[in-house]
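The residues making up each chain are set out below.
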Amino acid sequence: MTGNLAHLTLAFGLLGNVVSFMVFLAPIPTFYKVYKKKSTEGFQSAPYVVGLFSAMLWIYYALLKTNVLLLITINSVGCFIETLYICFFLFYAPKKARMESLKLIVLLIVVGFGLIVALTQFLASGVTRGVIVGWICLVFSLCVFVAPLGVVRQVIKTKSVEYMPILLSVALTLSAVMWFFYGLLLGDFNIAIPNVLGFIFGVLQMILYYMYKNKKPVADEKITTSEPKNSEMEQKIPEFKDQKIIDVVKLETLMHSDIPKDPSNVPNHTIEVKA
């Protein structure tokens, strides 16, 4: 029984590594666009800095544990890939975006992660240190999984799934399933619990995708509804022009009617000049 449990744990851990690796590679099309345009345009570095911070946190947590080697492998790969993304972003970003990214890196990676390591090393010891870092990882992972709520709100508001790729949603859902069972079989709820939320949000995103994938965005509907109004206005404008023409003709006839047609009927006004 114990042997079967160990095999299942290994299987879910390996599958989690494979799916998570695919998720890490998901931004490649985005950076290909950046490379082609030689500009980051409206893209932001925050997701990649947060991804690097998360991977570093999980590596630190795994190093404090004894049986989570597969957590170290995938997050080491994640650190490498996210670092490449950040360097690529900084190379092509305009000056303002580059400075904002550097501030975020210093705040989150240098100060944030540095403080977590320093405080847990000096103020905690043994099992307590692992518990504290585990709780930090759990809370941070919950915050990361809640982040897609902004995208969900945008999809419902615009009725468009343009900014919610279905393949990424499927990959994130599968990843959450694999890591949930990996954490559950290990008895590590710091790994299992955040992935419950990840699974729920992943399923929600897929449901929304199939609800709105064939619907026109709200902006398009507004354009189509405004077209009949424009045609009505176009019909009213010629009528208004015709009415003006009629009024001008009437005015001309009235003016001409005041002018006598026969000059002989015009009274002859004479002015007598006395000598």
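Throughout, a residue's number is its position along its own chain's written sequence, starting from 1. Side-chain atom pairs in this predicted model are given and counted only at pLDDT of 80 or more, local residue features only at pLDDT of at least 70, and totals for whole chains, interfaces and linings cover all residues. To obtain the side-chain values, all non-hydrogen atoms of the structure were included, while hydrogens and water were left out.

**What to know about the overall build of the protein**
- For the protein, the helix and strand inventory stands at 10 helices and zero strands.
- Taken from N to C terminus, the helices and strands of the protein fall in the order α-α-α-α-α-α-α-α-α-α.
- When a residue's accessible area, from a 1.4 Å probe over protein chains only, is under 20% of the maximum for its type it is buried; when over 50% it is exposed; and in between it is partly exposed. Out of the 275 residues belonging to the protein, those deemed buried represent 32%.
- Whether two residues touch is decided by their heavy atoms; if any such pair falls within 4.5 Å, the residues are in contact. The contacts in the protein between residues at least 6 apart in sequence include a share of 77% that link residues at least 24 apart. Starting at the N terminus, helices and strands are each numbered in turn, a helix being any DSSP run of H or I of at least four residues and a strand any DSSP run of E of at least two.

**Here's the deal with the packing of aromatic side chains**
- Stacked, tilted and edge-to-face pairs are distinguished by plane angle, under 30 degrees for stacked and over 60 for edge-to-face with tilted covering the rest, among Phe, Tyr and Trp rings (Trp via its six-membered ring) whose centres lie within 6.5 Å. If you walk through the whole model with that rule in mind, you get 13 aromatic pairs.
- Among the aromatic residues, ring-to-ring pairing joins Phe31, Tyr48, Tyr85, Phe88, Phe91 and Tyr92 into one connected group.
- Distance and angle both matter: a charge sits over a ring if NZ of Lys or CZ of Arg is within 6 Å of the ring centre and within 35 degrees of the ring normal. The ring of Tyr35 has Lys38 sitting right over it, with the charged end atom 4.0 Å from the ring centre.

**Remarks on helix H3 (residues 46-64)**
- In this model H3 runs 27 Å from its N-terminal to its C-terminal C-alpha over 19 residues, within 8% of the 27 Å that 1.5 Å per residue would give.
- Among the 19 residues of H3, 14 are classified as buried, and the element is accordingly described as predominantly covered. Helix span is expected to be 1.5 Å times the residue number reduced by one.

**Quick notes on the pattern of salt bridges**
- Counted as salt bridges are all cases of a side-chain nitrogen of Lys or Arg within 4 Å of a carboxyl oxygen of Asp or Glu. Summed over all chains, the structure comprises one salt bridge.
- Across the pair Lys65 and Asp188 runs a salt bridge, and its minimum N-O distance is 3.9 Å. On the criterion of sequence distance, the pair formed by Lys65 in the loop between H3 and helix H4 (69-92) and Asp188 in the loop between helix H8 (166-186) and helix H9 (189-212) is long-range, its members being 123 residues apart.
- Overall, the relative accessible area of 7% leaves Asp188 in the buried class.

**Quick word on the side chain of Asp188**
- Contacts described as polar in this section are N or O atom pairs within 3.5 Å, which, within protein, must combine one atom able to donate a hydrogen with one able to accept it, while residues neighboring in sequence count only if both atoms come from side chains. Within the structure, the side chain of Asp188 is placed 2.6 Å from the side chain of Tyr61, a separation counted as a polar contact.
- If we ignore the near neighbours within four places in the chain, the residues touching Asp188 are Tyr61, Lys65 and Gly183.

**Quick word on the nonpolar core**
- Phe53 and Leu71 are the most contacted members of the largest nonpolar core, which has 39 residues in total.
- Considering every element that reaches this core, the biggest residue donor is H3, with 12 residues.
- Core analysis: the next-biggest nonpolar cluster, separate from the first, contains eight residues, Val152, Val161, Leu208 and Tyr212 among them. Here, nonpolar core means buried Ala, Val, Leu, Ile, Met, Phe, Trp, Tyr and Cys residues that are tied together by side-chain atoms lying within 4.5 Å of each other.

**Describing the confidence of the model for the protein**
- Summing up the model confidence of the protein, the mean pLDDT is 79 and the portion of residues at 70 or higher is 76%.
- Low pLDDT (under 50) marks residues 220-275, which in the prediction has two contacts with non-local residues, meaning those over four places away or in another chain. The pLDDT score gives, residue by residue, the confidence of the prediction method on a 0 to 100 scale.

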